[in-house]
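Listed below, chain by chain, are the residues.
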Amino acid sequence: MNTVSTHPNPQLERENWVSLNGKWDFGFKKAKPFFNLSDNEKDIMNFYHNAKFTHEINVPYCIESVLSGIGYTDFVNAVWYRKTVEISNTDGCVFLHIGAADYLTSVIINGKLAGSHKGGYTSFSFDISPYIKQGENEIFILCQDDTKSPLIPSGKQSNRKNSYACSYTRTTGIWQTVYLEYTPKEHINSFEIYPNPDQKEVTISFSLTGRENLSCTVFYDGKAVGCNAIENAFGNVILHIPLDEIHLWEVGHGRLYDLEITFGGDKVKSYFGLRSVGLENYKFLINGKSVFQRLVLDQGYYRKGIYTAQNDEELIRDIRLSIDLGFNGARLHQKVFDPRFLYFCDRAGYMVWGEYANWGIDYSSYKLTEIFLAEWKEAVERDFNHPSIIGWCPFNETWNYHGRRQNDNLISTVYDFTKAVDTTRPCIDTSGNFHTKTDIYDVHDYRFKPDEFKKDYDKLVTDGTLYEHVLIDNPGRQHYNGEPVFISEYGGIKWETDKEYKSWGYGDDVKSEEEFAERYCGLTDAITKNERILGFCYTQLYDVEQEQNGLYTYDRKPKFSAETYDKIRKSNVAVAAIEK
C-alpha cells in the first residue's frame, strides 16, 4: 500500500473506528485448584456483579507483562476489565473488536451479556448495538483461563510457576488491540481474496449483510487498474476483476495492490498480493518458480510485552533483522501473530507459515477435535488474505500425552479441514512429529555434527530414503512416502549472553564464535546443497528468556561480531541446489 495503515486490521479497514487501548479498571483472581471455566450466563453475570477493581491496567498488555503496569507472573484464573466509553453514533451497527484474549472471554455492555468467545489466539467481535445508548456506556470484559487444562491450547506458556526449558511467561487475558468500529446496518461482513496471476485477475468472495450496490476498484501505486460491480448484491457474492497491469508479489518484493470496496454506505479498504504458491517435483513454487525457503523460527515474544509488541517498530525490527541475515521468511511458532505483523510481512515480501499454539493439550482426547477445529478455523479465515502466508501448519510436535498416543484422527481431520477451507496453499499436518497426512514431510533435527548431518540427508538423493530420528525411534508412527522435504527446525546452537536466566540450548559445547559460525554454516550448507530439500528453518532469530539459542539477544541486540554475522548471511543466501 502506498501509505502505512495504522488500523489494527489493515486487511479490512474502515475510517470510522476508535481504539480502546490504554487505561482500564482491572481486577484478577489468583489461581485456585479445580477452577472451572464457565460460559454460563448466570456464572458470568455473577462475576460481573461481584467484581472488585483493585488495579489499573494498560490494555492490550497482559497482567504478566511489565507494560501492563502490573507484572504479576504467578498463576491467574480470571481477569476482568472495565471502561466507560462515550458513544454518540448509534444509527447503524457498533462492533466491539478484540484482537486476541486468552482464553474464554465474555463481554458485558451496560450490565447485559453481549457474547462470549473461546480461544486464546484469534480475533473476534460482537455487535453491541442492541446494548448501547447515546452518551456514556460501560464495557466489562471477563477473561477466564487455565494453562494446566488439557483442552486449552497454551503454546509456549509455562504450566509451572516459573519459566523452564522452552516454556515461558504466561499471557492471561487481553493481549491485542481492543477497538470500536461503526458500520451502516447494511455492511460487508468478510471477504476472501483469490489472486490469479496466470489469468491476470483477482477474484473476491464476499459475505454481506443487507442488500446494496457493491463495487470494487483495484489500484496499483495510486492508479486504477481494475474494477467491477454488482447491483443489489446480498448474501454471498463473487466478483471477478481483470487487471490492466501485472505486478507480482515475490520474495523480497511485496508489490501490493490496494482495494477500495463500497457496499451502499459501507466503505472498506484492503489490499492483496498477486501470487500463487504450489509444490512440484519436490520444489516449493511461487508464481511457478522454485523458491528455497530460508526461514528462521520466530516465537513472537518480547521482554516487556510478552506476547505483545510495544509498537510497530518492534514488529518491523524482527522482519528486518531476519532479512539482514539472509533469511527470506519465518515459521511463526506456537502463536497466531498480530495482523499488523502479517501486514508488514506482506509489504516486505517476507514468507511465513501460519501456525497455531497447540502445545498444552491432550492429543489423545477425542473431545479435542471440535474444540481445536473451531479455533483453527478462525485463524485460517482471519489470515487467509495475507500473501505472506505461504502455508498452514496447525500442529507442532504432537508428543504423547502422559503416555497416551496422539489421536491420529484429530491430526488428519484438521489437515482435511484446512485443505477444504483453503485450496490455494500447502498444509503440513504437524511439524516434526507425528505425521498422519501432509503435503510436505518436515523434520526437526538438532544434531550438531555437520558431516554426519550431511551424510544422512544425502541418502535422499542417492536412494530416496529419509533419515529421521522419529522414524527410527518410533516405528509405525509415521512413514515417509516421497513427499517434498523441509528441515523445519535445526541448529538451535546455544550462545549464552543473559545471566538473568539459567539458560539452555542445543550443542552447548561451542566455545568460540569461529566454532559457532563453522557449525552454523556446515549444517546450513548440508541442507542448501541437497537437491531434494526445499528449505530450512533455523532455531531461532532471538533468545526467549532462558532459551538462549538465538542469533540475537532477547532485546534484539547483536550476540556476535560483524564477521560472524557475515558468515551466517553468506551461508543463508547461497544458491540452493533445488533452485538451479
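These notes cover the structure that comes with them.

Criteria and cut-off values
Residues numbered from 1 in each chain as written. Predicted model: local features only at pLDDT ≥ 70, side-chain atom pairs only at ≥ 80, totals over all residues. Heavy atoms only, no water. Pairing = 2+ DSSP bridges. Helix = DSSP H or I, 4+ residues; strand = E, 2+ residues; numbered from the N terminus. Axes fitted to C-alpha atoms, helices over the stretch in contact; angles between N-to-C directions. Phe/Tyr/Trp six-rings, centres within 6.5 Å; stacked < 30°, edge-to-face > 60°. Buried < 20%, exposed > 50% of the residue type's maximum accessible area, 1.4 Å probe, protein only. Lys NZ or Arg CZ within 6 Å of the ring centre and 35° of its normal. Core = buried A, V, L, I, M, F, W, Y, C linked by side-chain atoms within 4.5 Å. Contact = heavy atoms within 4.5 Å. Polar contact = N/O pair within 3.5 Å; in protein donor to acceptor, adjacent residues only side chain to side chain. 1 Å grid on protein atoms, 1.4 Å probe; cavity = no way out; pocket = protein on both sides within 12 Å on 5 of 7 lines; lining within 4 Å. Points joined across faces, edges and corners; volume = space filled by probe spheres on them. Nonpolar A, V, L, I, M, F, W, Y, C, P; charged D, E, K, R; others polar. Expected span 1.5 Å × (residues − 1). Arc of directions from axis to C-beta. Salt bridge = Lys/Arg side-chain N within 4 Å of Asp/Glu carboxyl O. Parallel < 35°, antiparallel > 145°, perpendicular 65-115°, else oblique. Left-handed = near helix turned anticlockwise from the far one by under 90°.

1. Re the sheet that holds strand 24 (residues 389–393)
Here is step 1 of the chain: If you trace the seven strands from one edge of the open sheet to the other, you get 24-23-22-21-29-28-27, paired in parallel fashion. Single-partner strands in this sheet number two, and they are strand 24 and strand 27 (441–445). When strand polarity is set aside, the average angle formed by the axes of neighbouring strands in this sheet is 25°.
Here is step 2 of the chain: Pairing geometry for strand 21 (residues 293–298) and strand 22 (residues 329–332), over four bridges, is parallel.

2. With respect to the packing of aromatic side chains
Here is step 1 of the chain: Overall, the coordinates contain 45 aromatic pairs when judged by the stated rule.
Here is step 2 of the chain: Consider the rings of Phe-124 and Phe-126, whose centres lie 5.8 Å apart with planes at 65°: the pair is edge-to-face. For the pair formed by Phe-124 and Phe-126, the shared burial category is buried.
Here is step 3 of the chain: Plain terms: the ring middles of Tyr-356 and Phe-372 are 5.4 Å apart, the flat faces sit at 75° to each other, and that makes the pair edge-to-face. With Tyr-356 in the loop between strand 23 (351–355) and helix 4 (368–383) and Phe-372 in helix 4, this residue pair connects regions lying 16 residues apart in the sequence.
Here is step 4 of the chain: You can call Phe-372 buried: its relative accessible area is 1%.
Here is step 5 of the chain: Put simply, the rings of Tyr-121, Tyr-168, Trp-175, Tyr-301, Tyr-307, Tyr-356, Tyr-363, Phe-372, Trp-376, Trp-392 and Phe-395 pair up and form one aromatic cluster.
Here is step 6 of the chain: Lying across the ring of Tyr-164, Arg-160 places its NZ or CZ 3.6 Å from the centre.

3. Some points on the sheet that holds strand 18 (residues 277–280)
Here is step 1 of the chain: The three strands are arranged 18-19-20 in an open sheet whose pairing can be described as antiparallel. Across the chains shown, the open sheet's two edge strands, defined by having one partner strand only, are strand 18 and strand 20 (289–290).
Here is step 2 of the chain: The pairing of strand 19 (residues 283–286) with strand 20 spans two bridges and is classified as antiparallel. When the sheet's bridge partners are listed, Leu-285 is paired in strand 20 with Ser-290.

4. Things to note about the nonpolar core
Here is step 1 of the chain: In terms of nonpolar packing, the biggest core is built from 98 residues, with Phe-372, Leu-466, Ile-487, Tyr-490, Phe-516, Tyr-520 and Leu-551 touching the most fellow members.
Here is step 2 of the chain: Excluding residues that lie within four positions of it along the chain, Phe-372 makes contacts with Tyr-356, Asn-358, Ile-361, Pro-394, Phe-395, Leu-410 and Val-414.

5. Some remarks on the side chain of Glu-489
Here is step 1 of the chain: With respect to the helices and strands, Glu-489 occurs in strand 28 (residues 485–491).
Here is step 2 of the chain: Only 3.0 Å separates the side chain of Glu-489 from the side chain of Arg-331, close enough to count as a polar contact.
Here is step 3 of the chain: Separated by 3.5 Å, the side chains of Glu-489 and His-444 make a polar contact.
Here is step 4 of the chain: Contacts of Glu-489, omitting those with residues within four sequence positions, involve Arg-331, His-333, Asn-396, Glu-397, Val-443, His-444, Asp-445, Tyr-446, Cys-537 and Thr-539.

6. Considering empty space enclosed by the protein
Here is step 1 of the chain: Throughout the structure, instances matching the rule amount to one cavity of 30 Å³ or more.
Here is step 2 of the chain: By volume, the largest cavity amounts to about 70 Å³.
Here is step 3 of the chain: Surrounding the largest cavity, 13 residues form its lining, Val-336, Phe-337, Gly-354, Glu-355 and Asp-383 being those nearest its centre.
Here is step 4 of the chain: Broken down by class, the residue content of the lining of the largest cavity amounts to nine nonpolar, one polar and three charged.

7. Overview of helix 10 (residues 562–573)
Here is step 1 of the chain: An ideal rise of 1.5 Å per residue puts 16 Å on 12 residues; helix 10 measures up with 16 Å between its terminal C-alpha atoms.
Here is step 2 of the chain: Inspection of helix 10 places Thr-564, Tyr-565, Ile-568, Ser-571 and Asn-572 among the buried residues, and these make up the whole buried set. In a view along the axis of helix 10, the buried residues occupy a sector of 125°, so they form one face of it. Counted as exposed and oriented over 90 degrees from the buried face of helix 10: Ala-562, Glu-563 and Lys-570.

8. What about the pattern of salt bridges?
Here is step 1 of the chain: Using the criterion set out here, one finds 29 salt bridges in the structure.
Here is step 2 of the chain: Among the ionic pairs, Asp-74 bridges to Lys-161, the shortest N-O distance being 4.0 Å. A residue pair is termed long-range when its members are at least 10 positions apart, and Asp-74 in the loop between strand 3 (55–59) and strand 4 (76–87) and Lys-161 in the loop between strand 10 (135–144) and strand 11 (173–174) qualify at 87 residues.
Here is step 3 of the chain: In this structure, Lys-559 and Asp-543 form a salt bridge, with 2.9 Å as the shortest nitrogen-oxygen distance. Of this pair, Lys-559 sits in the loop between strand 29 (533–539) and helix 10 while Asp-543 sits in the loop between strand 29 and helix 10, and the two are 16 residues apart along the sequence. The residues Lys-559 and Asp-543 share a single accessibility class, namely buried.
Here is step 4 of the chain: In this structure, a network of salt bridges that share partners links the residues Asp-445, Arg-447, Glu-452, Asp-456 and Lys-459.

9. What about the packing of helix 2 (residues 312–324) against helix 3 (residues 339–348)?
Here is step 1 of the chain: Between helix 2 and helix 3, the least distance of the axes is 9 Å, while the angle of their chain directions is 40°. Of the possible angle classes, the one that applies to helix 2 and helix 3 is oblique. Seen along the crossing, helix 2 lies across helix 3 with a hand that is right-handed. Residues Asp-312, Leu-315, Ile-316, Ile-319 and Ile-323 of helix 2 form the contact with helix 3, whose participating residues are Arg-340, Phe-341, Phe-344, Cys-345 and Ala-348.
Here is step 2 of the chain: Partitioning the contact of helix 2 with helix 3 into residue classes produces eight nonpolar, no polar and two charged.

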